[in-house]
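# Structural overview
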Amino acid sequence: MARNKHPEETINLILDVAFRLFIEKGYENTSIQDIINHLGGLSKGAIYHHFKSKEDILVAVTDKMTSESNQMLAVIRDRSDLSGKEKLKTIFRESISRPVQNDIFTVAPDFHNNPKLLFSLLHDTMENAAPNYILPIINQGISDGSIKTDYPEQLAELILLAANVWMNPMIFNSSEKESYCKFMVFREMLQGFGLDIVDDEILERLQELTSIYQKRKQ
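What follows deals with the confidence of the model for the protein chain. Close inspection of predicted coordinates is inappropriate for parts of the model with low pLDDT. In this model, the protein chain carries a mean pLDDT of 88, and residues with pLDDT of at least 70 account for 95%. When mean pLDDT is taken per element in the protein chain, helix 8 (residues 152-166) scores highest with 95 and helix 6 (residues 100-107) scores lowest with 76.

If you want it as structure tokens, here you go:
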């Protein structure tokens, strides 16, 4: 029975079941009771022992996926066969190409009703991803001549805020047309820094993810 598992295993079970239900039903249409019904006998009290609300479960699910994403960023950051500029392009391509991105955009959580989730995204972007993964790559690019900027820290933050927040249709509910315009401005902005790293294939994938989200919202 689920109640006999160690706490970490119980938490992982809750997160795995919740994520599957969020994919199948959508976050807004999944209740705590739905999650309980798929936990093999785990009680509501046991769930609330680990999570105060469904929103807390969503944040934990997102944190788990973010941790997996950061592992990918670390691998690319530490490669010795790419320039800084090439690493940035590889990160963009790998980040949006992962199959789990389809699941994330299918879940379609409403950030307006989930402030904890929005804060979690902003916190990880500014306090973790930008300084620990993107900034070292930009500094390498400055050293190898592939990136030119006098403000590497601010550029790292700007790139990720634009990519993770401003262009995120789940935050601003952007239409496919609105998202496309944002993608184009993002590409032009990067080109202004000499970073021609968002090619047509990446743009097409970004549009595909936006379409997945919009279809889920309909």
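What follows deals with the side chain of Ser 120. As for its position among the elements, Ser 120 is in helix 7 (residues 115-144). A polar contact is formed between the side chain of Ser 120 and the side chain of Asp 63, at a distance of 2.9 Å. Every residue in contact with Ser 120, bar those within four places of it in the chain, is listed here: Val 59 and Asp 63.

The next thing to look at is the packing of helix 5 (residues 84-97) against helix 7. Where helix 5 contacts helix 7, the two axes come as close as 7 Å, and the packing angle between them is 145°. Across the interface between the two elements, Gly 84, Lys 87, Leu 88 and Ile 91 from helix 5 touch Ile 134, Ile 137, Ile 138, Gln 140, Gly 141 and Asp 144 from helix 7.

A few words now on the nonpolar core. Core analysis: the biggest nonpolar cluster contains 66 residues, and Ile 57 and Phe 186 have the highest contact counts within it. Excluding anything up to four places from it in sequence, Phe 186 contacts Phe 92, Ile 159, Ala 162, Ala 163, Met 167 and Val 198.

For the structure on display, the rule yields 11 salt bridges. Linking Asp 16 and Lys 64 is a salt bridge whose minimum nitrogen-to-oxygen distance equals 3.0 Å. In this pair, Asp 16 is assigned in helix 1 (residues 7-25) and Lys 64 in helix 4 (residues 54-77), connecting sequence segments 48 residues apart. Judged by its relative accessible area of 42%, Asp 16 falls in the partly exposed class. With relative accessibility at 31%, the residue Lys 64 sits in the partly exposed group. Between Arg 93 and Glu 201 there is a salt bridge, with its nearest N and O atoms 3.2 Å apart. Placement of Arg 93 in helix 5 and of Glu 201 in helix 11 (residues 200-217) is noted, with a sequence separation of 108 residues between them. The class of Glu 201 is exposed, set by a relative accessible area of 53%. Overlapping salt bridges, with partners in common, bring together Lys 89, Arg 93, Asp 199 and Glu 201 in one network.

With that out of the way, let us pick up empty space enclosed by the protein. Overall, the coordinates contain one cavity of 30 Å³ or more when judged by the stated rule. By volume, the largest cavity is sized at about 940 Å³. Lining the largest cavity are 43 residues, and of these Arg 98, Gln 101, Leu 121, Asn 164 and Asn 168 sit closest to its centre. Those elements giving two or more residues to the lining of the largest cavity turn out to be helix 1, helix 4, helix 5, helix 6, helix 7, helix 8, helix 9 (169-172) and helix 11. Counting residues per element, the lining of the largest cavity draws most heavily on helix 4, at nine residues. Here the residues of the lining of the largest cavity are counted per class, giving 29 nonpolar, 11 polar and three charged.

Basis of the calculations
- Residue positions are counted from 1 within each chain, in the order its sequence is given.
- Per-residue local features are limited, in this predicted model, to residues with pLDDT of at least 70; the limit for side-chain atom pairs, both in listing and counting, is 80 or more; totals at the level of whole chains, interfaces and linings are taken over all residues.
- The side-chain values count all of the structure's non-hydrogen atoms but skip hydrogen atoms and water molecules.
- One number per residue, pLDDT, summarises how confident the predictor is, and it ranges from 0 to 100.
- The helix and strand labels rest on DSSP assignments: H or I over at least four residues marks a helix, E over at least two residues marks a strand, and numbering proceeds from the N terminus.
- We define a polar contact as two N or O atoms separated by no more than 3.5 Å, with the added condition that, inside protein, one atom must be a possible hydrogen donor and the other a possible acceptor, whereas residues neighbouring each other in sequence contribute only through side-chain atom pairs.
- Residues count as neighbours in contact if any of their non-hydrogen atoms are within 4.5 Å of one another.
- Between N-to-C directions, angles cover 0 to 180 degrees, with each direction set by a line fitted to C-alpha atoms, over the stretch in contact for helices.
- Nonpolar core, defined: a set of buried Ala, Val, Leu, Ile, Met, Phe, Trp, Tyr and Cys residues in which side-chain atoms within 4.5 Å join the residues together.
- Burial classes: relative accessible area under 20% of the type maximum marks a residue as buried, over 50% as exposed, and values in between as partly exposed (1.4 Å probe, protein chains only).
- By definition here, a salt bridge exists when the distance from a side-chain nitrogen of Lys or Arg to a carboxyl oxygen of Asp or Glu is within 4 Å.
- For each structure, a 1 Å grid was placed over the protein atoms alone; sets of points admitting a 1.4 Å probe that cannot get out are labelled cavities, open sets with protein on both sides within 12 Å along at least five of seven lines are labelled pockets, and lining residues have an atom within 4 Å of a point.
- Grid points are joined across faces, edges and corners, and a volume is the space filled by probe spheres set on the points.
- Three classes are used: nonpolar for Ala, Val, Leu, Ile, Met, Phe, Trp, Tyr, Cys and Pro, charged for Asp, Glu, Lys and Arg, and polar for all others, with Gly counted as polar.

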